[in-house]
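# What the coordinates show
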Amino acid sequence: MSVNTDELKKFLENKIASLRKELEFYEFLLSIIESGYLPTIKGNKGSIEYIKNKRGEILAEIYFTPPVAKFVIKNKITLTKSYFSALSKILESEKELNKVDYTIEMDKNDLREIVLKNINSEIIYNKIKTGIQAILERATG
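Here's a quick rundown of the structure. The structure displayed is predicted, hence computed values, not measured ones. (Residues numbered from 1 in each chain as written. Predicted model: local features only at pLDDT ≥ 70, side-chain atom pairs only at ≥ 80, totals over all residues. Heavy atoms only, no water.)

## A short note on the pairing of strand β5 (residues 110–117)
Quick reminder of the rule: A simple rule labels every residue: compare its accessible area, found with a 1.4 Å probe on the protein chains alone, to the largest value its type can have, and call it buried under 20%, exposed over 50%, or partly exposed in between. Starting at the N terminus, helices and strands are each numbered in turn, a helix being any DSSP run of H or I of at least four residues and a strand any DSSP run of E of at least two. When DSSP finds two or more bridges between two strands, those strands count as paired.
The element β5 is extensively covered by neighbouring structure, given that 6 of its 8 residues are classed as buried. Relative to β5, strand β3 (residues 68–78) runs antiparallel, the two being bridged by 6 bridges. Residue pairing for β5: Lys70 is matched across the bridge by Val115. Examined bridge by bridge, strand β4 (residues 101–107) and β5 share 7 bridges and lie antiparallel to one another. Counterpart to Tyr102 in the pairing with β5 is Leu116. Once β4 ends, the chain turns through 2 residues before running back antiparallel as β5, passing Lys108 with a positive phi of about 60°.

## Some words on the environment of Leu91
For the record, the criterion: In what follows, a contact means two residues having at least one pair of non-hydrogen atoms within 4.5 Å.
When you line up the elements, Leu91 lands in helix α3 (residues 81–98). Sequence separation between Leu91 and Tyr102 is 11 residues; the distance between their C-alpha atoms is 7.2 Å. With near-sequence residues (within four places) excluded, Leu91 lies in contact with Tyr102, Ile104, Ile114, Leu116 and Ile128.

## Quick word on the sheet that holds strand β1 (residues 47–52)
Put simply, the rule is: Think of each axis as a best-fit line through the C-alpha atoms, taken over the contacting stretch in the case of a helix, with angles from 0 to 180 degrees between the N-to-C directions.
Here 5 strands make up an open sheet; going across it, the order is β1-β2-β3-β5-β4 and the pairing antiparallel. The outermost strands of the open sheet, each flanked by one partner alone, are β1 and β4. Strand-to-strand twist of the sheet, defined as the mean angle between neighbouring strand axes without regard to direction, takes the value 15°. Where strand β2 (residues 58–65) lies against β3, 6 bridges are found, and the strand directions are antiparallel. Across the sheet, Ala60 pairs through a bridge with Ile73, a residue of β3. Those strands touched by α3 are β4 and β5, and its axis lies near 160° from that of β4.

Below you can see the structure in the form of structure tokens.
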């Protein structure tokens, strides 16, 4: 029985990437607990959602445990100045209207993740998620 080393290498690389994402999620949950948000999320359930493109490929995973949402970008998404400006405009608007705090993590021009805090309602969450989804779809389209 021969083993194709390229397939094995690809499998292991994918497995390592998957485990890193899982570790990142657990570290995120731990940071929520350590930051003192635990009393405010007692009884609330967290959720994991996905933003997909038209071909069904996952663009981002969304970990939402009120009042915190974390958008983790799955593949390389380069944001042009106009897309970054649109993203900032959406987030700044929610910051002013609803006191939503946010951080955007970039690797040069590549979007890595967006963390939102103080999301106090499903309406606000869905509004922001829809805006981010539209930008990600257009940026990768």
